[in-house]
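Spelled out from the first residue to the last, the chains are:
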Amino acid sequence: MSRALRIFVAVVVLFGGVISLSATENAQLARGTAITDPDVLRKLDRNDALTISRLLWPERNANAPLTTDLLFSWMPQLAPIPPTIDAEFDRYVAGHKAAWPSETIGVGEGFDVQLFDRAALKSPDTRFVLAGIVNRMDRAYVAEDSCGEIRLIYRLTRFDTGPDGARMATRLPMTFNLVMKARDARQMDASGKPVTCAEIARRWLDNDDWQGLIGGGLFPHDAMLDRIETNIQLSIAPKSALHDFRSDYLLKVFKYDAITKRFEESTLENQIDRDRILVDGELRLDFKDWLLAPENLRAFDRGTVLIPEKYLAKAAVVPTPAGLDASALQPEFGMMQGEGKGDPVFTDNDVVGALKQAAARGDMQNIRSVAGFQRRLNDVTCAGCHQTRGIGGFHFPGVDWLADKPSNSTIVPASPHFLGDQLRRRDILTAFAAGKRPDFSRGFASRPQTRGSAELAGTEYQDGWGAHCSLQNVGSGTPDRSFTSWSCAKGLTCQAAVASHRIGMCFIKTR
């Protein structure tokens, strides 16, 4: 028996083969699709079962997770990550100084713009702590052979020694997601038969088999590695004469290269390189023709489009809060007619004409107007999605199982966007488990699909307090067909939270 397999068997024995989720409302929404129980995560992390170093270096003899100084220096797979992040920080600082030369920027409270301290990535006092495990078999349309993904989410944490000698943990604003394939196509079960997507889905839904976490019993190795995703809070800038309060987040992706055995910098899925497209006339026309082609427009409407790499960026800076109205803070700004300066990629006539033809084919589920097209152009990107009902720039900050008395922000492990999408993900797992072809489509990031409306009715995740809703009587009084289903629960009314002409928020009715 290999060392990796022995570790896995020990983990199964340790937990009795059972993972139980919390009985809280949030955990119930994620039951079968995510592991957020703090006790389970604490045991996994403290016993070194699913730490980054154990997963990427299973033959390692030590039984304790590596601190960040050792993680990045001892593991050659991760060597490209720190210098790439450093380069992004340098570009960000240079850009900020050029845009706002009167503002100071640096690490510490003495600066107008306070940067994330990159020294935390080279410190013996910090490490990545397991904060959640998420089933993303709803992404199997990207690579069907792998049955989608399993994401292990880690939060950077600093450990200090207090005056009384006790160790204190402080969570830092960075997540590190190790994305595994849900299965290797060559993987076999105990009887020697290929592990199916249906079997993996059943294990998650039954919630009684540890093997469902990492692909049906095969401990992660090269064949299961897909990529690493990092999300770092670049900076915080208090409100000033130059701008409102702002916090910027850096998103990066590193794909695993089986030849070099390293995680190499990659493009972000569907992160449109707006600036490059807008200045390159040929690329702009090419992108327009590609996206408006019938098969691509249909996938765009469903939220399952996969934009070719030649149109994509290798980094995204996510400003928050971005608001509901179109602005330069949003990733697509300038690509639609009437936004920014210069020639747009898409005119209203381009979009209206393409939508009419698509409607005649019966292709459209979500996008039924220019405004709907513009909203999807934002939320299909990594940056636009992270700006939607997130907790700052994160959709899954993770469970803070280290704190004795965690704050409200850490009791809830994820944003309304994440929790509202769990029913769609569970629906897809159920279809897989039954041997059926799942419906991978999704609605707009701002609203869960109506197929989960019965369970979500009246909650903040569907149509309750703070939910996005449609201001149907503004302007001409003609409802925008892309948002007609965005209503409020009984007792709430849709009111403009900002100067948006279409989208408001649900509030308690007042006289």
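Residues numbered from 1 in each chain as written. Predicted model: local features only at pLDDT ≥ 70, side-chain atom pairs only at ≥ 80, totals over all residues. Heavy atoms only, no water.

Overview of the sheet that holds strand β13 (residues 503-508)
Note the following rule: Two strands qualify as a pair provided DSSP detects at least 2 bridges between them. Labels follow the DSSP assignment, with helices taken as runs of H or I lasting at least four residues and strands as runs of E lasting at least two, numbered in each case from the N terminus. For every element, the axis is a line fit to its C-alpha atoms; helices are fit only across the contacting stretch, and the angle between N-to-C directions ranges from 0 to 180 degrees.
Pairing within the open sheet is antiparallel, and its 3 strands lie in the order β11-β13-β12. Strands with a single pairing partner mark the edges of an open sheet, and in this sheet they are β11 (468-470) and β12 (492-495). Mean inter-strand twist for the sheet, computed between neighbouring axes without regard to direction, equals 50 degrees.

Describing the pairing of β13
Sheet topology places β11 next to β13; 3 bridges connect them, and they run antiparallel. Residue pairing in the sheet places His468 in a bridge with Met505 of β13. Examined bridge by bridge, β12 and β13 share 4 bridges and lie antiparallel to one another. Each residue of the ladder has a partner; that of Thr493, found in β13, is Phe507.

Some details on the state of the cysteines
Put plainly, a disulfide is one covalent bond tying together the sulfur atoms of two cysteines. Our working rule: By convention in this document, the label disulfide applies to cysteine sulfur atom pairs within 2.5 Å. Classification of residues uses two cut-offs on accessible area relative to the type maximum, computed with a 1.4 Å probe and protein chains only: under 20% is buried, over 50% is exposed, and between them is partly exposed.
Taken as a whole, this structure holds 3 disulfides when the rule is applied. In this model Cys469 forms its disulfide with Cys494; the gap between the sulfur atoms is 2.1 Å. An S-S torsion of about 95 degrees defines the bridge between Cys469 and Cys494 as right-handed. Of this pair, Cys469 sits in strand β11 while Cys494 sits in strand β12, placing them 25 residues apart in sequence. Residue classification places Cys469 among the buried positions, given a relative accessible area of 0%. Classification of Cys494 by relative accessible area gives partly exposed; the value is 23%. Numbered by order of appearance in the sequence, the disulfide-linked cysteines of the protein pair as 1-2, 3-5, 4-6. Cys382 takes part in no disulfide bond, and the closest cysteine sulfur, belonging to Cys385, lies 7.9 Å away.

Points about the side chain of Asp138
The criterion, for reference: Distance and chemistry together define a polar contact, namely a pair of N or O atoms within 3.5 Å, with one atom able to donate a hydrogen and the other to accept it when in protein, and with adjacent residues in sequence counting only for side-chain atoms on both sides.
Considering the arrangement of structural elements, one finds Asp138 in the loop between β4 (126-136) and β5 (149-161). Taking the relative accessible area as the measure of exposure, Asp138 reaches 2% and is therefore buried. Among the polar contacts made by the side chain of Asp138, one reaches the side chain of Arg136 at a distance of 2.8 Å. Engagement of the side chain of Asp138 in a polar contact is seen with the side chain of Arg424, the distance being 2.9 Å.

Describing helix α16 (residues 422-433)
Applicable threshold: Expected span, for any helix, means 1.5 Å times one less than how many residues it has.
Counted at 1.5 Å a residue, the expected span for α16 with its 12 residues is 16 Å, and the 16 Å between its end C-alpha atoms agrees. A large share of α16 lies buried, amounting to 10 of its 12 residues. Among the residues of α16, those classed as buried are Gln422, Leu423, Arg424, Arg425, Arg426, Ile428, Leu429, Ala431, Phe432 and Ala433. Positive phi shows up at Gly435, right after α16, with a value of about 75 degrees.

Concerning the pairing of strand β8 (residues 246-257)
Of all 12 residues in β8, 9 are buried; the element is thus mostly enclosed. Judged from the 10 bridges that link them, strand β7 (residues 225-237) and β8 form a sheet pairing that is antiparallel. By the bridge assignment, Ser235 is partnered in β8 with Asp248. Taken together, the 5 bridges between β8 and strand β9 (residues 262-266) define a ladder with antiparallel strand orientation. Note on β9: the bridge partner recorded for Lys255 is Glu264. Counting the residues between successive antiparallel strands, the hairpin from β8 to β9 contains 4 residues, one of them, Lys261, with a positive phi of roughly 60 degrees.

A look at the pattern of salt bridges
The line we're drawing: Whenever a carboxyl oxygen of Asp or Glu lies within 4 Å of a side-chain nitrogen of Lys or Arg, that contact is scored as a salt bridge.
Applying the stated criterion across every chain, the model contains 38 salt bridges. Residues Arg274 and Asp275 are paired through a salt bridge, measuring 3.4 Å at the closest nitrogen-oxygen approach. Arg274 sits in the buried class, given a relative accessible area of 19%. Within this structure, Arg139, Glu149, Arg151, Asp226, Arg227, Glu229, Lys255 and Glu269 form a network of salt bridges that share partners.

A closer look at the confidence of the model for the protein
Using the following cut-off: Values of pLDDT, ranging from 0 to 100, describe the predictor's confidence in every residue of the model. A contact between two residues is defined here by any heavy atoms of the two lying within 4.5 Å.
Chain-level statistics for the protein give a pLDDT mean of 86 and a share of 88% at 70 or above. In the predicted structure, residues 1-23 sits below a pLDDT of 50 and forms 54 contacts with residues beyond four places in sequence or in another chain. Every residue in residues 215-219 scores below 50 in pLDDT, and together they form 27 contacts with partners more than four places removed in sequence or on other chains.

A word on the packing of helix α7 (residues 197-206) against α16
Put simply, the test is: An angle below 35 degrees is treated as roughly parallel, one above 145 as roughly antiparallel, one from 65 to 115 as roughly perpendicular, and anything else as oblique. Handedness of each helix crossing follows the sense of rotation of the near helix against the far helix: counterclockwise by less than a right angle gives left-handed, clockwise gives right-handed.
In contact at an axis separation of 7 Å, α7 and α16 are set at 130 degrees when each is read in the N-to-C sense. Between α7 and α16, the angle falls in the class oblique. Note on packing geometry: the crossing formed by α7 with α16 is left-handed. Every residue of α16 that contacts α7 at Cys197, Ala198, Ala201, Arg202, Trp204 and Leu205 is listed here: Arg426, Leu429, Thr430, Phe432 and Ala433.

Examining unusual backbone geometry
For the bond running from Thr320 to Pro321, omega is -10 degrees, close enough to zero to count as cis. Position of Pro321 among the secondary structure elements: in the loop between β10 (316-320) and α11 (348-361). Here Cys147, not a glycine, exhibits a phi torsion of approximately 60 degrees, which is positive. Its location among the elements puts Cys147 in the loop between β4 and β5.

Observations concerning the environment of Asp273
Checked against the element boundaries, Asp273 lands in the loop between β9 and α8 (274-279). As a C-alpha pair, Asp273 and Ala315 span 42 residues in sequence and 9.0 Å in three-dimensional space. Apart from residues no more than four positions distant in its own chain, Asp273 is found in contact with Tyr311, Leu312 and Ala313. In this structure the side chain of Asp273 is engaged in a polar contact, spanning 3.0 Å, whose partner is the side chain of Arg276.

Quick word on helix α6 (residues 81-99)
Between its first and last C-alpha, α6 extends 27 Å over 19 residues, near the 27 Å set by a 1.5 Å rise per residue. Residues of α6 that are buried include every one of Ile81, Pro82, Thr84, Ile85, Glu88, Phe89, Tyr92, Val93 and His96, and no others.

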